[in-house]
Amino acid sequence: MLEEFLGRDVTAPIYNKGWVDVMVDVDRDTGGKELNNRLKGERSGGLPWAVILDADGKEIVSSNAEPDGGNIGGPVSPEECAWFVEMLKRSRGGKVGEAEVAAVAADLEAFAKPRRRPQR
Amino acid sequence: MNRKLSLLPLTLLLPACASTEQAAQAAPVLASAASPMAVEVVEASARANVHNKRVLVVLNKEGEDLAKNFKSDRAVSRKLLYEVETVSLPATAGSHWNWQEDASGAVLLACSGKELARFGADELASDAVIGKLQPHFCEPADANQKLGDAMAEAKKTGRNILIRFDAPW
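Read on for a plain summary of the structure. Because the structure is predicted, anything quoted here is derived from the model rather than measured.

**Focus: the pattern of salt bridges**
Next up, step 1: Tallied over the entire structure, the rule returns 20 salt bridges over all chains.
Next up, step 2: Between Lys146 of chain B and Asp29 of chain A there is a salt bridge; the shortest N-O distance is 2.6 Å. On the criterion of chain membership, the pair formed by Lys146 of chain B in helix H7 (residues 143-157) and Asp29 of chain A in the loop between strand E1 (19-25) and helix H3 (32-40) is interchain, its members lying in two chains.
Next up, step 3: You can call Asp29 of chain A buried: its relative accessible area is 5%.
Next up, step 4: Between Glu85 of chain B and Arg47 of chain B there is a salt bridge, and its shortest N-O distance comes to 2.9 Å. Of the two residues, Glu85 of chain B sits in strand E4 (residues 84-90) while Arg47 of chain B sits in helix H3 (residues 39-51), which places them 38 residues apart along the sequence.

**What about the nonpolar core?**
Next up, step 1: In this structure, Phe5, Phe84, Met87 and Leu108 of chain A are the most contacted members of the largest nonpolar core, which totals 24 residues.
Next up, step 2: The set of elements that each furnish at least two residues to this core consists of helix H1 (2-6), helix H2 (11-18), strand E2 (49-53), helix H4 (78-91) and helix H5 (98-112) of chain A.
Next up, step 3: Not counting chain neighbours up to four residues away, the residues in contact with Phe5 of chain A comprise Thr11, Phe84, Val104, Asp107, Leu108 and Phe111 of chain A.
Next up, step 4: Counting residues in each nonpolar core, the second largest holds 19 residues, with Leu35 and Ala55 of chain A together with Ala143 and Met151 of chain B among its members.

**Structural notes on the sheet that holds strand E3 (residues 54-60) of chain B**
Residue and element names in this part refer to chain B.
Next up, step 1: Read from one edge of the open sheet, 4 strands run E4-E3-E5-E6, paired in mixed fashion. Where the open sheet ends on each side, the last strands, each with one partner, are E4 and strand E6 (115-120). Strand-to-strand twist in this sheet, taken as the mean axis angle between neighbours without regard to direction, amounts to 20°.
Next up, step 2: Note that E3 and E4 share 7 bridges and pair parallel. Directly across from Val58, in E4, lies its bridge partner Ser88.
Next up, step 3: Contacting E3, E4 and strand E5 (105-109), H3 runs over the sheet at an angle of about 175° to E4.

Definitions and cut-offs
- Each chain has its residues counted from 1, following the order in which its sequence is written.
- To label them, take the chains in the order written and letter them from A, then take the ligands in the order written and number them from 1.
- With pLDDT at 70 or above as the cut-off, local features in this predicted model cover only qualifying residues; side-chain atom pairs require 80 or more to be listed or tallied, and sums for whole chains, interfaces and linings still use all residues.
- With hydrogens and water excluded, all non-hydrogen atoms of the structure serve as input to the side-chain values.
- What makes a salt bridge here is a side-chain nitrogen of Lys or Arg within 4 Å of a carboxyl oxygen of Asp or Glu, nothing more.
- The way it works is that DSSP assigns letters per residue, a run of H or I at least four long becomes a helix, a run of E at least two long becomes a strand, and they are numbered from the N terminus.
- Remark: exposure states derive from per-residue accessible area (1.4 Å probe, protein chains only) relative to the maximum for the residue type, with buried under 20%, exposed over 50%, and partly exposed in between.
- Nonpolar core, defined: a set of buried Ala, Val, Leu, Ile, Met, Phe, Trp, Tyr and Cys residues in which side-chain atoms within 4.5 Å join the residues together.
- Two residues qualify as a contact provided that any one of their heavy atoms is within 4.5 Å of a heavy atom in the partner residue.
- Pairing between strands is defined by DSSP: at least two bridges between the two strands are required.
- Inter-axis angles, ranging from 0 to 180 degrees, are taken between N-to-C directions of lines fitted to C-alpha atoms, where helices are fitted over the stretch in contact.

Structure follows, in structure tokens:
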């Protein structure tokens, strides 16, 4: 789902401008599961899991949301989407402006909203 | 209705497939107005590029659905899920591959669009399909190589790296 979102017309150019995208298949890629375990450590949650690193491989932020540490997965819910946007804000560096992150946030809301389960 | 594109996106024409083995095999394949490629194949090729898979274009003569055979066998469908992006089209949409319109079968493509193999319907019986396709599956990508390449790219371009961990299931 995240992959589908990152390929959208509004988001893709901004995303590619600011971040190098890597997809690791933990089942098929050699060393994929080990790399996932190494970068994730003891943090909770399964797949999909994401982490943003700097060019030296140092972690900036992960998909384990603050403060409760739950993995946002997809993301789909308002809280999950908010954390994903926070991840982008913390890691945009000098390449992507605040307005561009806001545009991605709006695009994520448009993408995620129809996929949310109705609240009872 | 099959939408057709007269031109493939340039990103699909570059040999930017996930593994070096794929890159060695890949060659740019241009769709032309004379032999357009279905948009479903273009989209599947983009996904295959990201996920280190092949594209299996199943071409069905009228009244047939070869891909249904694959789905009915759990072991086969799981293996195919891991290794190929499957697209089902009517045989009449196979002009790009000079496909006979009254025959069912499949064409296996690299993510660049390069044809790797083609099969008749009798070669794709459920229990035989994996054996036929297996020699053409992609070599596994190396996760640490992907990360190393990403770090080099990030350093060169001043960007950070977003790593997504996932699985076909």
